[in-house]
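Listed below, chain by chain, are the residues.
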Amino acid sequence: MNFLQISEKKNSDFWSTFNFFSHIKGLGVGNFINLRNISQGFVGQKNVRRALFMLVDLINKQNFENKGMIVTGSCGTGKSALGIAVSRLLIPKFPFIKINGSEIKSPIISKIEILHQIIRKTVGVNFYQESLIIEGEVVDLKINEKNKKNIERKLVIRNQNIQSIYEIGPKIYKKFFEKNIKKGDFVSIDKINGEVYFHEKNSEKNNLKENQNSSKEKFPSLEKYRIIEHFVTLHEIDLLNSKKKSLSTIFSDSQSEINFKKREKIGKILKRWEEEKKIKIFKGILFIDDIHLLDSQSFSFLGKIIETKFSPNFFFATNCPREKIKELNYISPHGIPVDFLDRFLILSTYPPSKIEIEQIIKIKSKNLRVSLRKECLLLLVKIGVECGLTHALYLLVTFCFHSMENEKEAGINEILISFKLFLNFRKIIRNTNLPKYFLFEKK
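In this text the structure is predicted, and so the values were computed from the model without any measurement.

**Here's the deal with a positive patch on the surface**
Turning to step 1, where the next piece is worked out: Taken together, the side chains of K261, K265, K268 and K271 make up a positively charged region of the molecular surface.
Turning to step 2, where the next piece is worked out: For K265, the position within the fold is in helix α9 (residues 260–275).

This is the structure in structure tokens:
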């Protein structure tokens with residue numbers, strides 16, 4: 001008897017949904033006071049979600065002065081999921097970078113330089129540029145070839161009230177040809193940069209409404225002054241001001257150290273431009289998982305960076321209650337120096353209950369387009385309680401793939417087969433018949 005029914009979808013659609021955190025859509029906090037227990041893929045952890053929602057709201061408004069938070073808890077309590085949910089709530093202009101503490105290593109450059117470059121990637125700068133733009137509907141595009149050298153290109157463009165003729169150069173004409181712009185299309189041309197933008201039919205109506213409003217002015221014109229925004233990160237500015245000074249340095253994978261004095265000069269210029277309101281700085285979030293893997297030198301550098309103006313917001317996660325700090329001889333809470341802990345807000349997660357594990361498995365199965373029967377669900381919940389939630393979710397994915405490849409519906413037998421194939425650390429500790437090389441003990 002089969003207990004699991006898989007919806008009839010293409011294999012490619014099923015594979016595209018497979019991501020361990022694909023069911024997380026946000027923190028699930030619509031209202032700060034009335035918080036649902038199950039919302040946007042999250043189950044439980046109400047106090048942590050409420051606190052993070054408040055902090056993310058402050059980051060979006062750029063009023064968060066504490067500069068960081070630390071989320072602690074055992075394995076499988078949703079620390080990484082909370083970090084990804086925070087990234088979903090950020091405004092798109094705020095950069096979000098997720099790394100692991102073990103990734104900060106390189107044979108070419110130092111650990112401090114790697115950390116500094118990642119931090120600079122997490123801070124964005126919005127440059128504002130005033131440009132003169134011609135907007136309207138293309139009436140005609142005339143070309144008069146007197147000689148091979150002398151070619152006149154005239155663009156007839158109109159508004160609801162005005163029609164005028166402009167002479168255009170070969171570069172703008174080439175862009176018209178590449179974008180396949182014809183009569184009746186609505187376009188906007190940047191006279192300073194020479195860029196041509198083609199607008200769709202939906203945006204044409206909005207532009208016509210703007211033109212109707214502009215026609216009420218005393219001196220209506222096709223030409224308008226507009227502010228155009230350019231977004232770059234601090235690391236991209238550093239690369240452009242490095243020795244090579246070319247755009248290819250932004251796209252290259254080669255690692256190289258950037259001079260500290262150049263960064264100081266860039267910082268002074270950006271501070272002056274920010275006071276003059278030429279730019280706007282967006283401080284994103286740097287999420288470092290397993291923060292206890294960093295050494296004392298990295299912690300001292302991060303403590304120095306937090307005090308600077310161009311410092312991002314930090315989101316740290318760790319699963320160690322007490323750990324020895326690397327390169328030091330004393331044990332500290334969460335493997336982090338005490339003076340470093342004082343500068344951050346600390347949140348604690350708790351292990352999910354049996355009911356919460358059941359709800360999470362239901363959400364994940366719905367995300368994988370799989371309908372679970374009651375018997376299969378109860379078996380997976382039992383595995384989740386005894387062997388951990390992550391192990392139960394991995395088994396859910398494995399037997400779903402197995403059933404799709406064999407074009408058969410999966411049942412309890414398939415779940416038990418995958419449970420016997422894959423080992424779990426809790427199962428290893430309980431089972432004494434397994435070889436001794438699976439167990440690790442400190443002498």
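**Here's the deal with the packing of aromatic side chains**
Turning to step 1, where the next piece is worked out: For the coordinates displayed, the defined rule picks out 10 aromatic pairs.
Turning to step 2, where the next piece is worked out: On the numbers, 6.0 Å between centres and 80° between planes, the contact of F127 with W273 is edge-to-face. Separated by 146 residues along the polypeptide, F127 in strand β6 (residues 123–145) and W273 in helix α9 bring together distant segments of the chain.
Turning to step 3, where the next piece is worked out: With 4.9 Å between their ring centres and 80° between their planes, F287 and F315 make a pair best called edge-to-face. Pair noted here: F287 is in strand β13 (residues 285–289) and F315 is in strand β14 (residues 313–318), with a separation of 28 residues, a long-range link.
Turning to step 4, where the next piece is worked out: Residue class for F287 comes out buried when judged on its relative accessible area of 0%.

**Digging into the state of the cysteines**
In a disulfide, the sulfur atoms of two cysteines are held together by a covalent bond.
Turning to step 1, where the next piece is worked out: As enumerated under the stated definition, the model contains 0 disulfides in all.
Turning to step 2, where the next piece is worked out: You can see C75 has no disulfide; the closest cysteine sulfur is in C320, sitting 8.3 Å from it.

**With respect to the pairing of strand β4 (residues 68–72)**
The side chains of a regular strand alternate, first on one face of the sheet and then on the other.
Turning to step 1, where the next piece is worked out: Of all 5 residues in β4, 5 are buried, a share of seventy percent or more.
Turning to step 2, where the next piece is worked out: Here β4 pairs with β14 via 5 bridges, running parallel. Bridge pairing links V71 to A317 in β14.

**Observations concerning the pattern of salt bridges**
Turning to step 1, where the next piece is worked out: Counted according to the given criterion, the structure contains 12 salt bridges.
Turning to step 2, where the next piece is worked out: R263 is paired through a salt bridge with E113; the nearest N and O atoms lie 3.0 Å apart. Of this pair, R263 sits in helix α9 while E113 sits in helix α4 (residues 111–121), and the two are 150 residues apart along the sequence. Of the two residues, R263 and E113, neither departs from the other in class, the shared state being buried.
Turning to step 3, where the next piece is worked out: The partner of E276 in a salt bridge is K278, and the shortest N-O contact between them spans 3.3 Å.
Turning to step 4, where the next piece is worked out: Within the structure, one salt-bridge network assembled from shared partners comprises E113, R120, D238 and R263.

About the criteria used
Numbering of residues starts from 1 in each chain and follows the order in which that chain's sequence is written. Predicted model: local features are reported for residues with pLDDT of at least 70 only, side-chain atom pairs are reported and counted for 80 or more only, and whole-chain, interface and lining totals are derived from all residues. Note that the side-chain values use all heavy atoms of the structure and ignore hydrogens as well as water. Patch membership is restricted to residues that have no salt bridge and whose relative accessible area is over 30%. Joining uses 9 Å for like charges and 5 Å for the nonpolar side chains Val, Leu, Ile, Met, Phe, Trp and Tyr. In these tables, accessible area is a Shrake-Rupley quantity obtained with a 1.4 Å probe, and a residue counts as shielded only by the protein chains included in the view. By definition, a salt bridge exists where a carboxyl oxygen of Asp or Glu is found within 4 Å of a side-chain nitrogen of Lys or Arg. In this count, Lys and Arg are taken as positive residues and Asp and Glu as negative ones, while His and the chain termini are left out. Just so you know, the charge point we use is NZ for Lys, CZ for Arg, CG for Asp and CD for Glu. By the criteria applied, helices consist of DSSP H or I runs no shorter than four residues and strands consist of E runs no shorter than two, each listed in order from the N terminus. Any pair of Phe, Tyr and Trp rings, taking the six-membered ring for Trp, is counted once the centres come within 6.5 Å. Such a pair is stacked with planes under 30 degrees apart, edge-to-face with planes over 60 apart, and tilted for the rest. Note on exposure labels: buried denotes an accessible area under 20% of the residue type's maximum, exposed denotes more than 50%, and partly exposed covers the range between, all computed with a 1.4 Å probe on protein chains only. By disulfide we mean two sulfur atoms from cysteines, separated by a distance within 2.5 Å. Here, any two strands with at least 2 DSSP bridges between them count as paired.

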